[in-house]
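Residue strings, one per chain:
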Amino acid sequence: MGHAAVAKGAAMGQIKALIVDDSSVMRKIVERSLRQSGLDLGEVFEAANGAEGLAVLAGHPVDLILSDINMPVMDGLEFVRKLQTLEQARGVPVVMITTEGSETNVVQALSLGARGYIRKPFTPDQVKEHVIPVLGL
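Okay, so let's go over this structure. (Residues numbered from 1 in each chain as written. Predicted model: local features only at pLDDT ≥ 70, side-chain atom pairs only at ≥ 80, totals over all residues. Heavy atoms only, no water.)

## Some thoughts on the packing of helix 2 (residues 24-36) against helix 6 (residues 124-135)
Each pair of packed helices can be described by the angle between their axes along with the distance between the axes. So the rule is basically this: The convention used is that axes are lines fitted to C-alpha atoms, helices contributing only their stretch in contact, and that angles between N-to-C directions extend from 0 to 180 degrees. The helix count covers DSSP runs of H or I at least four residues long, the strand count covers runs of E at least two residues long, and both are numbered beginning at the N terminus. Note that the term roughly parallel is reserved for angles under 35 degrees, roughly antiparallel for angles over 145, roughly perpendicular for angles of 65 to 115, and oblique for everything else. By the convention used here, residues are in contact when the closest approach between their heavy atoms is within 4.5 Å. Each residue receives one of three labels: charged for Asp, Glu, Lys and Arg, nonpolar for Ala, Val, Leu, Ile, Met, Phe, Trp, Tyr, Cys and Pro, and polar for the others, Gly being one of them.
At a closest axis distance of 8 Å, the pairing of helix 2 and helix 6 adopts a crossing angle of 75°. In terms of orientation, helix 2 lies roughly perpendicular with respect to helix 6. Facing helix 2, whose interface residues are Ser33, Leu34 and Gln36, helix 6 presents Pro124, Val127 and Val131. Its residues placed into classes, the contact of helix 2 with helix 6 shows four nonpolar, two polar and no charged.

Set out below in structure tokens:
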């Protein structure tokens, strides 16, 4: 852990994140990219779909949500739509994780309240570029 990351995030405390993706491997990649982007990441919660994500949020306030768009049970768009009605998710930035060819879904997600997106496969630099600004650090 670099001293710069500690100093930068110290005022705000560590960032708690929720990563929603039906692939556990992908969730780990997203978490690693967040850490490598220099974010002072604290607790990371995982969910395999939007329904699980909502259940996690009911018991754990987070500062950042990253969600895949294509998932079984409840997809990313439905998840973002439901987030708007959740008191504890109000004001929490949501960044969508997309694949090539899901641009129309991205536009829809943004219109539903998502703040940005990263496209798979992504690098820590892209995470830094697209995720850190939505946190307003």
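Let's pick the thread back up.
## A few points about the sheet that holds strand 3 (residues 64-68)
Under the convention used in this document: Strand pairing is defined by DSSP finding a minimum of two bridges between the two strands.
Taken in spatial order, the five strands line up as 2-1-3-4-5 in an open sheet, and their pairing is parallel. In the strand order of this sheet, the two ends are held by strand 2 (41-47) and strand 5 (116-119), each with one partner. Averaged over all neighbouring strand pairs, the angle between strand axes comes to 20°, with direction disregarded. One ladder, built from four bridges, connects strand 3 with strand 4 (residues 94-98); its direction is parallel. Within the sheet, the bridge partner assigned to Ile65 lies in strand 4 and is Val94. Strands strand 1 (15-20), strand 2, strand 3 and strand 4 of the sheet are contacted by helix 2, whose axis makes an angle of about 165° with strand 2. Its contacts with the sheet put helix 4 (residues 76-83) on strand 1, strand 3 and strand 4, and the angle it makes with strand 3 is roughly 150°.

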